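Results of the structural survey
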Amino acid sequence: MNELERQASPRGPRIRYAADYREGERGGNRLDRMRSRSRDSISIHSTRRSIDPSIALPPQFRTLSFSIEEGKRQQAIDEKKKAQAKPAEIEFGSMDYHTTAVDELLSRFQTSRGSGLTGTQAAQLLKIIGQNVPTPPPSRWARKTVTYLFGGFGSILFVAAILVFIAWKPLGQPPSPANLALAIVLLLVWVIQASFSFWQDFSSSRVMASISGMLPDKCIVLRDSTQQQIDGRDIVPGDVLKISLGNKLPADVRFIEVSSDARFDRSILTGETMPLLGSVESTDVNYLETACIVFGRIAKLTSAPKGGLTPLQKEILYFVGLIVALMLFMIIMVIIVWATWLRKTYPDWITVPILIVDCVSVAVAFIPEGLPIAVTASLTITAQIMKRNKVLCKSLKTVETLGAVNVICSDKTGTLTRNIMAVTEYLVGKEPGTALKSAGDYDTEKGLQQLARVAAVCNEAEFDASTVNAQIADRKVLGDATDSAILRFTEGMTKVSALRAANRSIFKIAFNSKNKFAINVVQPEDETSPLLMIKGAPDILLPRCGSYLNKDGFVERLENHDRRAVESMKDFWSSQGRRVILLAQKPLEALQFDSATQPREYELDIMGRASTELILVGLIAIVDPPRAEIPEVVRILRGAGVRVFMVTGDFKLTAAAIAAECGIITQSQKNIDDVTSLAFDDDYLESAGIEKSHGSEHTHSIVLSGADLETLDDSQWNKLCRYEEIVFARTTPEHKLRIVKELQKRELTVGMTGDGVNDAPSLKQADVGIAMGSGSDVALEAADMVLLDSFAAIVEAVRYGRVVYDNLKKTICYLLPAGSFSEFWPVITNVVFGLPQVLSSFLMIIICCFTDCAAATAIAYEKPEADVLMRPPRNARKDRLVDWKLVLHAYGYIGMIETVCSFAMSYWYAQRQGLTFSSLWFAFNNVTPNGLSTDEVTAILNTASSIYFVNLVVMQWFNLFAVRTRRLSVLNHRFNWYLPPAIVFALLVAILFLYVPEFYSVLGTSTVPVANWFLPMGFGMGVLLLDEGRKWLVRRYPRSLIAKMAW
């Protein structure tokens, strides 16, 4: 298959088209030989990860195709249409790669069918043309800049700044310097928030881009007459590509060799569900419709990024909407009170400029300006942590949802196991043998020689040419893990290449998860008739066997007692966690069809012949040990309230044995339920005198097969989903998809792991699809998250999925008491009760945007609490980021304490200075203090306002430590070293605006007596101790009313 042209334009080298694909580096890439037959279609999902191609591509594809057709029908006005056509229409419409003869095309690209390009040619082309990477999508910086500036609270801050400027001039008579300062600070905060939004977007995209680059990008090419696995970005025009089942294509390819029944899934482009039958010859003059071209370059049509809000963004939007609604309601109430009462009764109390500033103050009081910056920090930190743990999350939604996952359905091979398989035993006739002794027995046992022949020829794995001279164990193998293990086992006895040369392949039917076997029809050089070789699952193929080869190579009838002996050995190996493969053969006589000219009929004939009277050649037992870290991973996830189910295509006994080794099944064999346990309720069984015993009162285990699943009704699924330990064996892709849907139907949040081509539907359906980095291209494309290293990384992913949510709740809980509740009441008491506004609007802004903001950002760096993986996962469908519990704690508990203490400190100071509270209550600016001048009253009130400010700032230091944990004592939580700098920053800001004469003389602030710095520390310590007591009660009495009200 030839990769098509990426030429240098007159303006210089450029890549005109390419595909952004993510090919996993795995053993599954294998050479598709001429005249081989594959019954499965090859996927060509070649799209950018940020696109939903099933929505974006079909309309654009069809529009482009129709434009090309129209252009070909109107040749007379071709030049005119080209002048008006889009560049893509011109390029696709003028291409002739699909109609050019194969030999001419090979000559054009100076390549060879049998040897490909030379290394020198490839290096020169790579320098001239550049790497095979797509043009990045347009950045749309203008639109993004508007979003940075006016998204979230930005528009409110901008409008507030404009209104305060108007209140300063021209409405201010005389203009108030404090209003000017307030307007400038609002504008500054507006710009700072926009800058943080930009930085978050920039840094997160950079981190995600670097993570994406960690995915293996490999493809197999033919260069210098040898197969080579290279980076997909390094392929060049003229490369001969080898693609196999499940591959995505790294570029447009023209087929020069293709199996006659190969099919290509183009539904992602066309929207049509039927696969396209591959062809070497062109089937259509339209480049986009022919069957001899498959597209990688079509990715150019999808350079528009995918939109939509993540669940966390929706929660934040909900919170913002709630805050804005409350803010607007209170502003309207202030305006109504002023218009209907104050403006008439007390016209000098609140003028229009003061009203504007009061409304801005209400807005400032309600808006937690530090929240966007805290969100920015949280998301950036999470992206960096995921990168360190070699976890690729395609979107933030993945991390958020992981925090709510309560079921993980895990594939076995390659996920729970190492996917490094080795043959341990074999069975020829009825006599078992060990792989270690097979080489010594090969020359003397004819039956073992026949086993080696079938194992070598009915096998899609191949040794990499670059390591063919190394020791067998050190050789690199191109092929899946099972075939690779059998290949090494056979090579240890004899030369595989010699066996394959002596048995020419005529027709192949590839292994698939439905049939669970693979067929290779060969022509032995010493025989006249073709020989059918078959390899697959024993429970599928053993019933089809009518005879067997004994140790000496003679065929004997397979009687019932022989069949039982073979089944007994198969079950014994399976119970030890071995994967058992059956090898059989059958001579083919009187074939009616030709494989080259009648492939469909030939295939049906072969499938029919393979259904009966096979000759059992032997069994092979393969071990695939579990990863060492898996039992601990399962234990941690179970402690976090996440159930881990195994979903595998392996035999039930094999699956149960591996599940027990991995810790997924903790019960003994006699206490494991089967499908019959779902037929009756436990109450019915007890009434019938049937007692069920389990090792643990709360732990129930069950092992089911795919066939069992097909018999279950809704009530049985309801009962099944209550099991804590489940193994699904012998499952097909349809079974996996149904498992996910049934779990989701019962309001479970499901994570699904998989690495095969057929796992894609269930990965797509799951709330979080998880693929291993060594998985197939299609699995990587369908998954939401890719584990590049080990399944153990899922623990950190779940941990930080919960931490993101926890830290944002802590941030909001920290910001609301002082930055919202305690700032709101001075405005209300000023408007309704005629009291002076004991906290100035300027100092409100300083709290929200400076003293609190640094600490809120520091909370984003909080480490996971010790019990974060000991709590059950949140309910993603019901639990809100800001719920009534958090609001009650922030407003009714901490906020009320801070407000009362701040009011008391301010008016107590005024009282000691001779300005009594009674003289201020309902005064509406008609203050009549004894012996105090107007300037003295103003100075006292300015100091009282500054005391209110200091009281909030200091008490928030202690609240900062209180919100660091939700249930555990803060003393048991790892210290956050970002907190001291945040506290020092808040202190310096307070000193700057209270003690620098250039500021307090203009802004209406004042120096604060030393005593009023230390008294709030006592209040703050009281808040911290009270909250520690509340947490102790929550831990001590988890079912109490206080525990139920805990945020």
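Placed above this text is the structure.
Residues numbered from 1 in each chain as written. Predicted model: local features only at pLDDT ≥ 70, side-chain atom pairs only at ≥ 80, totals over all residues. Heavy atoms only, no water.

Describing the overall build of the protein
Let me state the cut-off plainly: Here a strand is any run of E in DSSP of at least two residues, a helix any run of H or I of at least four, and the numbering for each starts at the N terminus. For this analysis, residues touch if any pair of their heavy atoms sits within 4.5 Å.
In terms of helices and strands, the protein carries 38 helices and 29 strands. Put simply, 76% of the contacts in the protein that link residues at least 6 apart link residues at least 24 apart.

Side note on the pattern of salt bridges
A side chain of one charge can pair with a side chain of the opposite charge if their charged atoms are brought near each other. To be explicit about the condition: A pair is scored as a salt bridge if a Lys or Arg side-chain nitrogen falls within 4 Å of a carboxyl oxygen belonging to Asp or Glu.
Applying the stated criterion across every chain yields a total of 33 salt bridges. Salt bridges here are not isolated pairs; linked through shared partners, they connect Asp714, Arg738, Glu742, Lys745 and Arg746.

Some thoughts on unusual backbone geometry
Test applied: Under the scheme applied here, a residue whose accessible area is under 20% of the maximum for its type counts as buried, over 50% as exposed, and between as partly exposed, the area being computed with a 1.4 Å probe on protein chains only.
A cis amide bond links Lys169 to the next residue, Pro170, at an omega of 10°. At Asp224, a residue that is not glycine, the phi angle is positive and equals roughly 55°. With respect to the helices and strands, Asp224 occurs in the loop between β3 (218-223) and β4 (226-231). On the basis of relative accessible area, Asp224 is assigned to the partly exposed category, the value being 42%. The phi torsion at Arg730 lies on the positive side, around 50°, for a residue other than glycine.

A few points about the side chain of Ser484
Here Ser484 shows up in helix α17 (residues 481-491). The exposure class assigned to Ser484 is buried, which follows from its relative accessible area of 10%. In this structure Ser484 touches Ala461, Val477 and Gly479, once residues within four positions along its chain are discounted.

A look at the packing of aromatic side chains
Definition in use: Only Phe, Tyr and Trp rings are paired, with Trp represented by its six-membered ring, and only when their centres lie within 6.5 Å; those with planes under 30 degrees apart are stacked, over 60 edge-to-face, the remainder tilted.
For the structure on display, the rule yields 27 aromatic pairs. Relative to Trp190, the ring of Phe150 has its centre 5.6 Å away and its plane inclined at 50°; by these criteria the two rings are tilted. With Phe150 in helix α6 (residues 141-150) and Trp190 in helix α8 (residues 177-212), this pair connects stretches of sequence that are 40 residues apart. With relative accessibility at 35%, the residue Phe150 sits in the partly exposed group. Between Phe917 and Trp921, the aromatic rings sit 5.7 Å apart at their centres with planes inclined by 40°, giving tilted as the arrangement.

Structural notes on the pairing of strand β18 (residues 531-536)
The condition that has to hold: At least two DSSP bridges between two strands are needed for those strands to be called paired.
The buried count for β18 comes to 6 of 6 residues, which makes it a mostly enclosed element. Between the antiparallel neighbours strand β17 (residues 517-524) and β18 lie 6 residues.

Re the side chain of Lys1031
Selection rule: As used in this structure description, the phrase polar contact means that two N or O atoms lie within 3.5 Å; if the pair is within protein, one of them must be able to donate a hydrogen and the other to accept it, and residues adjacent in sequence are counted only when both atoms belong to side chains.
In this structure, Lys1031 sits in helix α37 (residues 1011-1036). A relative accessible area of 0% places Lys1031 in the buried class. Among the polar contacts listed, one links the side chain of Lys1031 to the side chain of Thr965, at a separation of 2.8 Å. When neighbours within four sequence positions are excluded, Lys1031 is seen to be in contact with Ala962, Thr965, Arg966, Arg967 and Leu968.

Thoughts on helix α20 (residues 560-575)
Where we set the bar: Multiplying one less than the number of residues by 1.5 Å gives the expected span of a helix.
Its 16 residues give α20 an end-to-end C-alpha distance of 22 Å, which sits within 8% of 22 Å, the value for a rise of 1.5 Å per residue. Immediately downstream of α20, the backbone of Gly577 shows phi near 85°, a positive value.

Structural notes on a nonpolar patch on the surface
Basically, it comes down to this: Here, patches come from residues exposed beyond 30% relative accessible area and free of salt bridges, joined within 9 Å for like charges and within 5 Å for nonpolar side chains (Val, Leu, Ile, Met, Phe, Trp, Tyr). Accessible areas in this description were obtained via Shrake-Rupley with a 1.4 Å probe; residue shielding takes into account the shown protein chains only.
On the surface, Val159, Ile162, Leu163, Ile166, Leu171 and Val352 cluster together into a nonpolar patch covering about 430 Å² of accessible area. No other element matches the 4 residues that helix α7 (residues 154-168) contributes to the nonpolar patch. If you trace the backbone, Ile166 turns up in helix α7. Residue Ile166 is classed as partly exposed on the basis of its relative accessible area, which comes to 34%.

So, the nonpolar core
For clarity, the threshold we go by: Only buried residues count toward a nonpolar core, which is a set of Ala, Val, Leu, Ile, Met, Phe, Trp, Tyr and Cys residues joined through side-chain atoms within 4.5 Å.
Counting 159 residues, the largest nonpolar core has Leu186, Leu637, Met785, Leu787, Ile794 and Phe949 as its most contacted members. Here the element with the most residues in this core is helix α30 (residues 793-832); it accounts for 21 residues. Setting aside anything within four residues of it in sequence, one finds Leu186 in contact with Leu157, Ala160, Ala161, Val164, Val360, Val364 and Ile845. In terms of nonpolar packing, the next biggest core, distinct from the first, is built from 29 residues, Ile506, Ile509, Trp573 and Leu614 among them.

Quick look at the packing of helix α16 (residues 446-457) against α17
So the rule is basically this: With axes taken as lines fitted to C-alpha atoms, and helix axes fitted only over the stretch in contact, angles between N-to-C directions fall between 0 and 180 degrees. Geometric relationships in this document are graded by angle, where less than 35 degrees denotes roughly parallel, more than 145 denotes roughly antiparallel, 65 to 115 denotes roughly perpendicular, and other angles denote oblique. For any pair of crossing helices, the crossing counts as left-handed if the nearer helix is rotated counterclockwise from the farther one by less than a right angle, and right-handed if it is rotated clockwise.
Packing of α16 against α17 brings their axes to within 9 Å, and their N-to-C directions diverge by 140°. By the angle between their axes, α16 is oblique relative to α17. The two elements α16 and α17 cross, and the hand of that crossing is left-handed. Of the residues in α17, those in contact with Leu451, Ala452, Ala455 and Ala456 of α16 are Ile486, Phe489 and Thr490.

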